[in-house]
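Chain residues, written in single-letter form:
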Protein chains: 2
Amino acid sequence: MRATLIHAAGDIRLETVPDPVLSTGGDAVVRVTASCVCGSDLWPFRGVTETKKAHRIGHEFIGVVEAVGDDVTTLKAGDFVIAPFYVCCGECANCRNGVSTSCLTGGWWGSDVRDLGFADGAQGELVRVPLADGTLVNVSASLDGGQPDDALIPSLLTLADVMGTGHHAAVSAGVREGSTVAVVGDGAVGLCGVLAAKRLGAGRIIAMSRHEARQAIAREFGATDVVQERGDDGVEAVRALTGGIGADAVLECVGTKESMDQALRSARPGGRVGFVGVPNGGPELPIRTMFGTNVGVVGGVAPVRGYIPELLADVLSGAIDPGRVFDLELPLAEVADAYVAMDERRATKVLLRP
Amino acid sequence: MRATLIHAAGDIRLETVPDPVLSTGGDAVVRVTASCVCGSDLWPFRGVTETKKAHRIGHEFIGVVEAVGDDVTTLKAGDFVIAPFYVCCGECANCRNGVSTSCLTGGWWGSDVRDLGFADGAQGELVRVPLADGTLVNVSASLDGGQPDDALIPSLLTLADVMGTGHHAAVSAGVREGSTVAVVGDGAVGLCGVLAAKRLGAGRIIAMSRHEARQAIAREFGATDVVQERGDDGVEAVRALTGGIGADAVLECVGTKESMDQALRSARPGGRVGFVGVPNGGPELPIRTMFGTNVGVVGGVAPVRGYIPELLADVLSGAIDPGRVFDLELPLAEVADAYVAMDERRATKVLLRP
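Since we're looking at a predicted model, the values are computed, not measured. (Residues numbered from 1 in each chain as written. Chains lettered and ligands numbered in written order. Predicted model: local features only at pLDDT ≥ 70, side-chain atom pairs only at ≥ 80, totals over all residues. Heavy atoms only, no water.)

Visitor: Residue-level account of the overall build of chain A, with values.
Guide: Each helix and strand in chain A was counted, giving 12 helices and 18 strands. Scaling as 2.2 N^0.38, a compact globule of 354 residues should have a C-alpha radius of gyration of about 20 Å, and chain A matches this with 20 Å. Projected onto its principal axes, the C-alpha positions of chain A cover 60 × 40 × 35 Å. Sequence-distant contacts, at least 24 apart, represent 67% of the contacts inside chain A between residues at least 6 apart. A total of about 13,000 Å² of accessible surface is found on chain A, and carbon and sulfur atoms cover 48% of it. Side-chain charges in chain A split into 31 positive and 44 negative, and the spacing between the mean points of these groups amounts to 6 Å. (Helix = DSSP H or I, 4+ residues; strand = E, 2+ residues; numbered from the N terminus. Rg over C-alpha atoms; globule rule 2.2 N^0.38 Å. Contact = heavy atoms within 4.5 Å. Areas by Shrake-Rupley, 256 points an atom, 1.4 Å probe, with all protein chains shown as cover. Lys, Arg positive; Asp, Glu negative; His and termini not counted. Charge placed at Lys NZ, Arg CZ, Asp CG, Glu CD.)

Visitor: I'd like to hear about the sheet that holds strand β1 (residues 2-8) of chain B, residue by residue, with values.
Guide: As summarised here, the arrangement of the 3 strands in space is β2-β1-β4 (chain B), forming an open sheet in which the pairing is antiparallel. Of all strands in the sheet, those bounded by a partner on one side alone are β2 (11-16) and β4 (55-56) of chain B. (Pairing = 2+ DSSP bridges.)

Visitor: Mind laying out the side chain of histidine 167 of chain A, listing which residues take part and the relevant values?
Guide: On the secondary structure map, histidine 167 of chain A appears in helix α5 (residues 162-172). The residues contacting histidine 167 of chain A, other than those within four sequence positions of it, are Ala196, Arg199, Leu200, Tyr307, Glu310 and Leu311 of chain A.

Visitor: Go over the domain arrangement of chain A with me, naming the residues and quoting the values.
Guide: How big an interface is tends to be expressed through the accessible area that disappears when the partners come together. All names here are of chain A. Taken domain by domain, chain A consists of domain 1 (2-161 + 303-353) and domain 2 (165-299). Distance between the C-alpha centres of domain 1 and domain 2: 27 Å. Listed per partner, the contact involves 21 residues of domain 1 and 19 residues of domain 2. Buried area between domain 1 and domain 2, both sides added, is near 1,800 Å², and the carbon and sulfur share of it is 58%. If you look at where domain 1 meets domain 2, you find 4 salt bridges. A salt bridge links arginine 324 to glutamate 220; its shortest N-O distance comes to 2.5 Å. The tally of links between domain 1 and domain 2 comes to 7 residue pairs in polar contact (both at pLDDT 80 or more). (Domains from an automatic or database assignment. Buried area = accessible area lost by both parts, 1.4 Å probe. Salt bridge = Lys/Arg side-chain N within 4 Å of Asp/Glu carboxyl O. Polar contact = N/O pair within 3.5 Å; in protein donor to acceptor, adjacent residues only side chain to side chain.)

Visitor: How would you summarise helix α7 (residues 212-221) of chain A if you had to cite specific residues and measurements?
Guide: Residue and element names in this part refer to chain A. Among all positions in α7, only Arg214, Gln215, Ile217, Ala218 and Phe221 are buried. Taken down its axis, α7 places every buried residue within 165° of arc, on the same side. The inward-facing, buried residues of α7 abut α6 (188-199), β12 (204-208) and β13 (225-227). Trailing α7 by a residue or two, glycine 222 shows a phi angle of about 125°, which is positive. (Buried < 20%, exposed > 50% of the residue type's maximum accessible area, 1.4 Å probe, protein only. Arc of directions from axis to C-beta.)

Visitor: Account for the relation of the copies chain B and chain A, naming residues and giving values.
Guide: The two copies are related by a screw operation: chain B maps onto chain A through 180° of rotation and 0.0 Å of translation along the axis, at an RMSD of 0.0 Å. The symmetry that links the two subunits is that of a two-fold axis. No C-alpha of chain B lies nearer the rotation axis than that of leucine 285 of chain B, which sits 2.4 Å from it. When the interface residues of chain B are mapped onto chain A, 100% of them again lie at the interface, so the same face is used by both copies. (Least-squares fit on C-alpha atoms with pLDDT ≥ 70 in both.)

Visitor: Could you give me a rundown of the interface of chain B and chain A, with the residues and numbers involved?
Guide: Contacts between chain B and chain A engage 39 residues on the former and 39 residues on the latter. Contact between chain B and chain A buries roughly 3,100 Å² in total, counting both sides, with carbon and sulfur atoms accounting for 63%. Per-residue buried area on chain B facing chain A is highest for Ile287, Phe291 and Asn294 of chain B; these three make up 23% of the total on that side. Taken together, chain B and chain A are joined by 0 salt bridges. At the boundary of chain B with chain A, the tally comes to 12 residue pairs in polar contact (both at pLDDT 80 or more).

Visitor: Describe the environment of aspartate 321 of chain A, naming the residues involved and giving the relevant values.
Guide: Residue and element names in this part refer to chain A. Its place among the elements puts aspartate 321 in the loop between α11 (304-317) and β17 (328-331). Expressed as a C-alpha distance, the spacing of aspartate 321 and leucine 131, which sit 190 residues apart in the sequence, is 29 Å. Within the local environment of aspartate 321, its side chain forms a polar contact with the side chain of serine 155, the two groups lying 2.9 Å apart.

Visitor: Summarise the UniProt feature "domain: Alcohol dehydrogenase-like N-terminal" (unreviewed entry) in chain A; cite the residues concerned and give the values.
Guide: Mapped onto this numbering, the UniProt entry annotates "domain: Alcohol dehydrogenase-like N-terminal" (unreviewed entry) at residues 26-131 of chain A. Summarising residues 26-131 of chain A: 8% helix, 29% strand, and an end-to-end C-alpha distance of 5 Å. (UniProt positions renumbered as here; feature names shortened; annotations may be inferred.)

Visitor: Lay out the environment of serine 40 of chain B in plain terms, naming residues and giving numbers.
Guide: Residues and elements named next belong to chain B. Tracing the sequence through the fold places serine 40 in the loop between β3 (28-36) and α1 (42-46). For serine 40, a relative accessible area of 23% corresponds to the partly exposed category. Serine 40 has contacts with His59 and Val278, leaving out every residue within four places of it along the chain.

Visitor: Residue-level account of the sheet that holds strand β1 (residues 2-8) of chain A, with values.
Guide: Across the sheet, 3 strands lie side by side as β2-β1-β4 (chain A); this open sheet has antiparallel pairing. Edge positions in the open sheet fall to β2 (11-16) and β4 (55-56) of chain A, since each of these has one partner strand only.

Visitor: Give a detailed account of the nonpolar core, specifying residues and quantitative values.
Guide: One recurring pattern in soluble globular proteins: nonpolar side chains tend to sit buried together. Of all hydrophobic cores here, the largest spans 62 residues; its most connected members are Val273, Leu285 and Val297 of chain A together with Val273, Leu285 and Val297 of chain B. Those residues in contact with valine 273 of chain B that sit more than four places away from it in its chain are Ala173, Val250, Glu252, Met260, Ala263, Leu264, Ala267, Val295, Gly296, Val297 and Val298 of chain B. (Core = buried A, V, L, I, M, F, W, Y, C linked by side-chain atoms within 4.5 Å.)

Visitor: Please set out the packing of α5 of chain A against α11 of chain A residue by residue, giving values where relevant.
Guide: All names here are of chain A. At their nearest, the axes of α5 and α11 sit 9 Å apart, and the two run at 100° to each other. Taken together, the axes of α5 and α11 are roughly perpendicular relative to one another. Two secondary-structure elements touch here, α5 through Met163, Gly164, Thr165, His167, His168 and Val171 and α11 through Val304, Tyr307, Glu310 and Leu311. Residue classes in the contact of α5 with α11 are distributed as 5 nonpolar, 4 polar and 1 charged. (Axes fitted to C-alpha atoms, helices over the stretch in contact; angles between N-to-C directions. Parallel < 35°, antiparallel > 145°, perpendicular 65-115°, else oblique. Nonpolar A, V, L, I, M, F, W, Y, C, P; charged D, E, K, R; others polar.)

Visitor: Break down the pattern of salt bridges for me, citing the residues and quoting the values.
Guide: All names here are of chain A. Scanning the model with the defined rule gives 42 salt bridges over all chains in all. Between arginine 204 and aspartate 225 there is a salt bridge, with the nearest N and O atoms lying 2.9 Å from each other. With arginine 204 in strand β12 and aspartate 225 in strand β13, this pair connects stretches of sequence that are 21 residues apart. For arginine 239, the salt bridge goes to glutamate 236, with nearest N and O atoms at 3.7 Å. One end of the pair, arginine 239, and the other, glutamate 236, are both in helix α8 (residues 231-240), 3 residues apart, so they sit about a helical turn from each other. The class for arginine 239 is partly exposed, based on a relative accessible area of 30%.

Visitor: For helix α12 (residues 335-343) of chain B, give the residues involved together with the corresponding values.
Guide: All names here are of chain B. Those residues of α12 lying buried are Val335, Ala338, Tyr339, Ala341 and Met342. For α12, the buried positions fall inside an angular range of 165° around the axis, keeping them on one side. Against the buried residues of α12 lie β1, β2, α1, β17 (328-331) and β18 (350-353). Looking one or two places after α12, you find arginine 345, whose phi comes out positive at around 60°.

Visitor: Pulling in residues and values, what's your account of the state of the cysteines?
Guide: Covalent bonding between the sulfur atoms of two cysteines is what defines a disulfide. Residue and element names in this part refer to chain B. Enumeration over the complete set of coordinates arrives at 0 disulfides over all chains. We note that cysteine 38 lacks a disulfide partner, and the nearest cysteine sulfur, in cysteine 36, lies 7.4 Å from it. The class of cysteine 38 is buried, set by a relative accessible area of 8%. With no disulfide of its own, cysteine 253 lies 9.2 Å from the sulfur of cysteine 192, the closest cysteine sulfur. (Disulfide = S-S within 2.5 Å.)

Structure follows, in structure tokens:
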């Protein structure tokens, strides 16, 4: 089959690799219907994180089950599934606590999952899924006829990562009915954060964005205000919209020192920053400032597996349409172009079809 | 009147200063019944923070109102009151949000409260209280006869700071019915954190302490386990008591780099650190670790004013007896000895009577 590898910064290649096979009783093999490129894939692409040797890449996919191992009980060949961006058992203490990203037996796509063997990256044609019952969500079980309309593909794919991650930012920031919310970051996760905040009942949602097309999606998703300024001016603009004190909840969806600083300063005393931007080698958090303001910082790598059922229900009912974050679709053969389009900010998020 | 000043590290003096007078319509003057020395008073005493010029010190007191200004509506001469460790209006947006430590017009004892003038430090005989209606809690209103028994004095005094601060750690850490809780720090705040966790329904409470007398109070307050180890061994000991994963909630009640590290590593994935230890010039928080584990950090300077009514009800009913943290009582004339006793850890907390 064909699958994507990263060899070095700027060097993305589609190559022929061995087809995956069932190797434990808990495995499934899934034929990918759609995958995509994540903002976090850009860190190695840009050389911000080092690629020491070539490896498979991609961690968001949806598809159709081709085969399952003897121990799999919730899936059969032909079922349409959503995979979260990691592998998890669904049964250990951390999974039961809702932190399946810290699963005691799970792991990550494109690498070895402990002693369960290699799990393919998602930017390919087929993926071997260890711990299939715990990892995959069976969409067919929620659908008459078992298969989703093609128009649903983008929104279903967002449940693999960005919509669940935006939701995690909002939940971590404590967004509730009537909250004032500021969202730092206008990438796919930030936009999904706006949508998640709206879904949770936020009363005022301030999208911080300088990009016209993204501002338009933010407004469509529920943003009541857009702030273009950054730094001190951005803080002042948020305060002016929030009674002079700052937002109840701030969603940090970037992961840089500047974005976290913006988030911390945009929250009101006693407010909360929900952070999901992958911290890029730092920064450290200024605890004395947090002490003085009682602004808490909660979040991390989003345990999206647990969020998929509730978000899926809203996608299927048409209540939310997070697939709007995809503004470019390419065949898998052009995966290298997909990276370039996102790197150059010509695309917010690129959907890939094998 | 007599009041305490710090002149330099190790140099605490009781001196004669002018009696306070009513200077705004919202003022009260309170005669101190009891005050005490705070763990945070030890930072300048030890020279860890610099004392550039001599200043009044102390921020915890209870007492009897001597006089009130014309605009005060909730207090009259003779009322017994608890003062939180800061001055607040009770009416601004931050006070209404429960973050009265960020009051837009308030300030701190022993210093100028914006344009409202100087508020005396608490380790003295009399204190001028600006914003008296917002700041002071009228205990007389809850008591037949209006005055508390002498036996209640220590517990009432803890509501000025340490009991409310321990409660803030527990609330910030999300302690609820059945939570597993670890408490880092066995000073008065840590011990009150144990009591607060018990009061909120925690199922298992692990006190981290190497000090026998403090361990005994921790057990009396509700600790189910004591861990003497620190560092890696301490983390392992907490995990062994919490199903191998760490505690749901960790209360950080010290404020050093080592104690925060202990707290972060003692929490389970997805758990929460509630921090109230005054960060002593740092440390910064390791955000990449927080990202990977989803351990959130919430807390800060405790807005105890808002907690006093509910905690007072439990003190008056006898449900909690936080005054047990006082293990030494001295006359105000011996205030310098009180600092030395706490510095040398001969006393957990010293109560002072003018």
